[in-house]
Amino acid sequence: MTPPTSPNPLPHPRLPSPVEPVDDDRFHRHGVRLLLKRDDLIHPDLPGNKWRKLAPNLAAATAAGHRTLLTFGGAYSNHLRATAAAGRLLGLGTIGVVRGQELAERPLNASLARCAADGMRLHFVDRATYREKRDPATLARILRAVTPPDGPPETPYVVPEGGSNTAAVHGCVALGHELRQAADVVGVACGTGGTLAGLAEGLAEGQRALGVPVLRGGFLGDEIRTLQEEAFGARRGDWSLDERFHCGGYGRTTPALLAFAEDFEQRHGVPVERLYVAKLLHGLLTLTEEGAFPPGTRVAAVITGTPSP
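No experiment lies behind these values; they were computed from the predicted model shown.

How each quantity is defined
- Starting afresh in each chain, residues are numbered from 1 along the sequence in its written order.
- In keeping with the predicted nature of the model, local features appear solely for residues at pLDDT of at least 70, side-chain atom pairs appear and are counted solely at 80 or more, and the whole-chain, interface and lining totals rest on all residues.
- Only hydrogens and water are set aside; all other atoms, that is, all heavy atoms of the structure, feed into the side-chain values.
- For the purposes of this entry, the term helix denotes a DSSP run of H or I that reaches at least four residues, the term strand denotes a run of E that reaches at least two, and both are numbered from the N terminus.
- Values of the radius of gyration come from C-alpha atoms, whereas the globule rule sets the reference at 2.2 Å times the count of residues to the power 0.38.
- It only takes one pair of heavy atoms within 4.5 Å for two residues to be counted as in contact.
- In these tables, accessible area is a Shrake-Rupley quantity obtained with a 1.4 Å probe, and a residue counts as shielded only by the protein chains included in the view.
- Neither His nor the chain termini are counted; the positive set is Lys and Arg, and the negative set is Asp and Glu.
- The atom standing in for a charge is NZ when the residue is Lys, CZ when it is Arg, CG when it is Asp and CD when it is Glu.
- Any two strands with at least two DSSP bridges between them are considered paired.
- Lines fitted to C-alpha atoms define the axes here, with helix axes fitted over just the stretch in contact, and angles between the N-to-C directions of these axes take values from 0 to 180 degrees.
- Only protein chains enter the accessibility calculation, which uses a 1.4 Å probe; a residue is then buried when its area is under 20% of its type maximum, exposed when over 50%, and partly exposed in between.
- Each direction from the helix axis to a C-beta atom contributes to the arc, which is the arc of those directions.
- Contacts described as polar in this section are N or O atom pairs within 3.5 Å, which, within protein, must combine one atom able to donate a hydrogen with one able to accept it, while residues neighboring in sequence count only if both atoms come from side chains.
- Residues grouped as a nonpolar core are buried Ala, Val, Leu, Ile, Met, Phe, Trp, Tyr and Cys residues, joined through side-chain atoms within 4.5 Å.
- Only centres within 6.5 Å qualify two rings of Phe, Tyr or Trp (six-membered ring in Trp) as a pair; their planes then separate them into stacked at under 30 degrees, edge-to-face at over 60, and tilted for everything else.

Caption draft 1: Just the overall build of the protein, in detail. Helices and strands together make up the secondary structure of the protein, namely eleven helices and ten strands. Here the C-alpha radius of gyration of the protein, 19 Å, is about what a compact globule of 309 residues would show, namely 19 Å. Long-range contacts, defined here as pairs at least 24 residues apart, represent 74% of the contacts in the protein between residues at least 6 apart. Summing over all exposed atoms, the protein offers an accessible surface of approximately 13,200 Å²; the carbon and sulfur share of this is 51%. Counting 34 positive and 33 negative side-chain charges, the protein places the centres of these two groups 2 Å from one another.

Caption draft 2: The arrangement of the sheet that holds strand β7 (residues 185-190) in detail. Here we have six strands laid out as an open sheet, ordered β1-β2-β10-β7-β8-β9, and mixed in their pairing. Of all strands in the sheet, those bounded by a partner on one side alone are β1 (19-22) and β9 (239-241). Here the average twist between neighbouring strands, direction ignored, is 25°. With five bridges joining them, strand β2 (residues 33-37) and strand β10 (residues 298-302) adopt parallel strand pairing. Note that in β10 the partner of K37 across the bridge is V302.

Caption draft 3: Molecular detail of helix α7 (residues 166-178). Taken together, the buried positions of α7 are occupied by A168, V169, C172, V173, L175 and G176. When α7 is viewed along its axis, its buried side chains cluster within an angular range of 160° and face the same direction. Where α7 is buried, its residues touch β2, α2 (49-63), α8 (194-202), α9 (220-232) and β10.

Caption draft 4: Local environment of the sheet that holds strand β5 (residues 120-125). Reading across from one edge, β5-β4-β3-β6 is the order of the four strands in this open sheet, with parallel pairing throughout. What marks the edges here is a single partner per strand, and that holds for β5 and β6 (157-158). Note that strand β3 (residues 68-73) and β6 share two bridges and pair parallel. Bridge assignment links L69 to a residue of β6, and that residue is Y157.

Caption draft 5: How the structure looks around helix α4 (residues 110-117). Among the residues of α4, S111, L112 and C115 are the ones counted as buried. For α4, the arc enclosing every buried residue in end-on projection is 95°, short of the 170-degree limit, so these residues lie on one face. Those residues of α4 hidden inside the fold are in contact with α3 (78-90), β4 (93-99) and β5. Two or three places before S111, at the opening of α4, N109 has a side-chain oxygen 3.0 Å from that residue's backbone nitrogen. Trailing α4 by a residue or two, G119 shows a phi angle of about 95°, which is positive.

Caption draft 6: Structural detail: unusual backbone geometry. Here the bond from L15 into P16 is cis, since omega is -10°, no more than 30 degrees from zero. Looking at the element boundaries, P16 is found in the segment before β1. Of note, the phi angle at C247 is positive, near 60°, even though the residue is not glycine. For C247, the position within the fold is in the loop between β9 and α10 (255-268).

Caption draft 7: Spatial organisation of the nonpolar core. In this structure, L36, L281, L284 and F293 are the most contacted members of the largest nonpolar core, which totals 31 residues. For this core, the elements supplying multiple residues, two or more each, are β2, β7, β8 (208-213), α10, α11 (277-289) and β10. The element contributing the most residues to this core is α11, with seven residues. Look past the residues within four positions of F293 in its chain and what remains in contact with it is V32, V185, R208, L210, L284, L287, T288 and V299.

Caption draft 8: Spatial organisation of the packing of aromatic side chains. For the coordinates displayed, the defined rule picks out three aromatic pairs. Geometrically, the ring pair formed by F72 and Y130 is edge-to-face, given 6.3 Å between the ring centres and 75° between the ring planes. In this pair, F72 is assigned in strand β3 and Y130 in helix α5 (residues 127-131), connecting sequence segments 58 residues apart. Look at Y130 and you get buried, because its relative accessible area is 3%. Geometrically, the ring pair formed by Y250 and Y276 is edge-to-face, given 5.9 Å between the ring centres and 70° between the ring planes. Of the two residues, Y250 is situated in the loop between β9 and α10 and Y276 in the loop between α10 and α11; the sequence distance between them amounts to 26 residues.

Caption draft 9: Structural detail: the side chain of S77. Along the chain, S77 turns up in the loop between β3 and α3. On the basis of relative accessibility, which here comes to 8%, the residue S77 falls in the buried class. Dropping the residues within four chain positions of it, S77 is found in contact with S111 and Y250.

Structure representation (structure tokens):
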């Protein structure tokens, strides 16, 4: 198969994704208009920010002649699932380096089983190794471990955890462009920060981006600044983070959050992904009730993914 050379090698993305107004009295009573940026409708196999971040990386990989992708994620990683699906669609091999050596001895959960069904080879590493995955020596050890001893030598194209690198940040600038004139504030859930880094650059003057981190630690602001410096040479756009809505860390929820997500689905008929999107929507409602948005504010929530299998 001849490697695709188009900047967007994956077939049939729905772009720009729709912007849908939501009739929600909880926002209306404060004079706030809620809009949903339906990035979950971009592509059936790579919804949301996964398409925006992976497409430029896939174009770079195929243009350079790579036949295998290697990336990283946890046991419930949306990014791993999206990369596995992209590999299936493009005829590329995929390797997923999964956090948690202990998982190798357990049955695959639904998320990892989907990855395997799409042809991804799963390689489990201990958590200490995973934390050091960006260290060149550690990455070299991982690459040696996943290279078949009896196969031809090949260097996989490495996509970082969450897909966030310079190519991905540039890919997410279009998200901001699509929302120019549509909203005053754009909210997005953040895992590794690449989507927010590009979104903020793409918005117009007078618009601002609000990131809701889904993991605790307080480090994401530095990560986003670094991504923007690498992509654009400096911090760009008007953006900020609200660190209050992670529910204790990545992959964690609370009964109250799950009840909120179910209620939102019933009110509006929109599937709500629990680990990212629910936290964003709950955060935006809380901020609205706190008076953070003046009456008349248009708040767009980026729906970055679909519920896990």
